[in-house]
Amino acid sequence: MKKIFLNLIQRIRNFISWLWNQEGSPSKRALGFGVGIFSGCFPFFGLQTLMGVFLAKILKGNSILAAVGTWISNPFTYVPLYYFNYRLGSLMLNKDKIIVDFSHITTNELWYQGWYLSSRLILGSICMGLLTGVVGGLGLYFLLKKLSNKI
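Residues numbered from 1 in each chain as written. Predicted model: local features only at pLDDT ≥ 70, side-chain atom pairs only at ≥ 80, totals over all residues. Heavy atoms only, no water.

Undergrad: Honestly, the overall build of the protein chain in this entry has me stumped. Any pointers?
TA: From N to C terminus, the protein chain includes 6 helices and 0 strands. Expressed as a percentage of its 151 residues, the buried residues of the protein chain come to 32%. If you take every contact in the protein chain between residues at least 6 apart in sequence, the share linking residues at least 24 apart comes to 73%. When the accessible surface of the protein chain is totalled, it reaches about 10300 Å², and 70% of it is carbon and sulfur. (Helix = DSSP H or I, 4+ residues; strand = E, 2+ residues; numbered from the N terminus. Buried < 20%, exposed > 50% of the residue type's maximum accessible area, 1.4 Å probe, protein only. Contact = heavy atoms within 4.5 Å. Areas by Shrake-Rupley, 256 points an atom, 1.4 Å probe, with all protein chains shown as cover.)

Here is the structure:
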């Protein structure tokens, strides 16, 4: 059991070292990571990584770190992340709106409620993605700059 645990620790270290030594300047690596975090805040399951890599290519950031940044959204964080994004979007638009009773709903009301929920979730995702992407990107940039001066 100890050998398996030590092997796992070594693999994690190798993976982190591989990530740390990605090509590009600190600003390009941080930009890729920040764009990945931004993309990971959206509820587009399966498309977040593609979105992150696409934006990193357009902005000339590191594509691999963009893919890694999308891992902010994973099965453990889906519910709290998207709930918080929805609440933030509701706060920004109009939180007092009451959702209709689904037992007496018509087709038109169903489409309206879908728009009501998704517009708040997307707006909250944009705001939270911008905030966390900037913070994560700047955090990585300053960490890379600090540690590159020590080497």
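What follows picks up the thread again.
Undergrad: Just to check I follow, could you spell out the side chain of Ser125 for this structure?
TA: Along the chain, the position of Ser125 falls in helix α6 (residues 107-150). Relative accessible area serves as the criterion here: at 0%, Ser125 is assigned to the buried category. Looking at Ser125, its side chain comes within polar contact range of the main-chain oxygen of Leu121, at 2.7 Å. Look past the residues within four positions of Ser125 in its chain and what remains in contact with it is Cys41, Phe42, Pro43 and Asn85. (Polar contact = N/O pair within 3.5 Å; in protein donor to acceptor, adjacent residues only side chain to side chain.)

Undergrad: Would you mind showing me how to read the environment of Gly133 here?
TA: You can see Gly133 is positioned in helix α6. Separated by 92 residues in the primary sequence, Gly133 and Cys41 have C-alpha atoms spaced 9.0 Å apart. In contact with Gly133, not counting residues within four places along its chain, are Gly34, Ile37 and Phe38.

Undergrad: Hey, could you run me through helix α2 (residues 26-40) in this one?
TA: Residues lying three or four places apart along an α-helix face the same way, a consequence of the helix completing one turn every 3.6 residues. With 15 residues, α2 extends 21 Å between its outermost C-alpha atoms, agreeing within 8% with the 21 Å of an ideal straight helix rising 1.5 Å per residue. Residues Pro26, Arg29, Ala30, Gly32, Gly34, Val35, Gly36, Ile37, Phe38, Ser39 and Gly40 constitute the buried set of α2. (Expected span 1.5 Å × (residues − 1).)

Undergrad: Help me out: how do you make sense of the side chain of Thr70 in this one?
TA: With respect to the secondary-structure elements, Thr70 resides in the loop between α4 (63-69) and α5 (78-93). Residues within four places of Thr70 in sequence aside, it is in contact with Gly36, Ile37, Ser39, Gly40, Gln48 and Thr49.

Undergrad: I'm lost on unusual backbone geometry in this one. Help?
TA: A negative phi holds for most residues other than glycine; trans holds for most peptide bonds. Phi is positive for Lys60, close to 65 degrees, though the residue is something other than glycine. Of note, Lys60 is situated in the loop between α3 (48-59) and α4.

Undergrad: What should I look at first to understand the nonpolar core in this one?
TA: In globular proteins that are soluble, nonpolar side chains generally tend to be buried together. The biggest cluster of nonpolar side chains holds 7 residues, and these are Cys41, Leu81, Tyr82, Tyr86, Tyr116, Leu121 and Met128. Those elements giving two or more residues to this core turn out to be α5 and α6. Within the second largest apolar cluster, 6 residues are counted, among which are Ala30, Leu65, Val68 and Leu140. (Core = buried A, V, L, I, M, F, W, Y, C linked by side-chain atoms within 4.5 Å.)

Undergrad: Would you mind showing me how to read the layout of surface pockets here?
TA: The gaps left among the atoms become clear once a water-sized probe is rolled over them. Roughly 200 Å³ of volume is contained in the largest pocket. What lines the largest pocket is a set of 13 residues, and nearest its centre among them are Leu31, Gly34, Val35, Gly133 and Val134. Every element with two or more residues in the lining of the largest pocket is listed here: α2 and α6. Across the lining of the largest pocket, the residue classes tally to 8 nonpolar, 5 polar and no charged. In this structure, the second largest pocket occupies an estimated 150 Å³ of space. Around the second largest pocket sit Ile16, Leu19, Trp20, Arg29, Phe33, Leu65, Val68, Leu140 and Leu144, which together line it. Taken together, the elements giving at least two residues each to the lining of the second largest pocket come down to α1 (2-20), α2, α4 and α6. (1 Å grid on protein atoms, 1.4 Å probe; cavity = no way out; pocket = protein on both sides within 12 Å on 5 of 7 lines; lining within 4 Å. Points joined across faces, edges and corners; volume = space filled by probe spheres on them. Nonpolar A, V, L, I, M, F, W, Y, C, P; charged D, E, K, R; others polar.)

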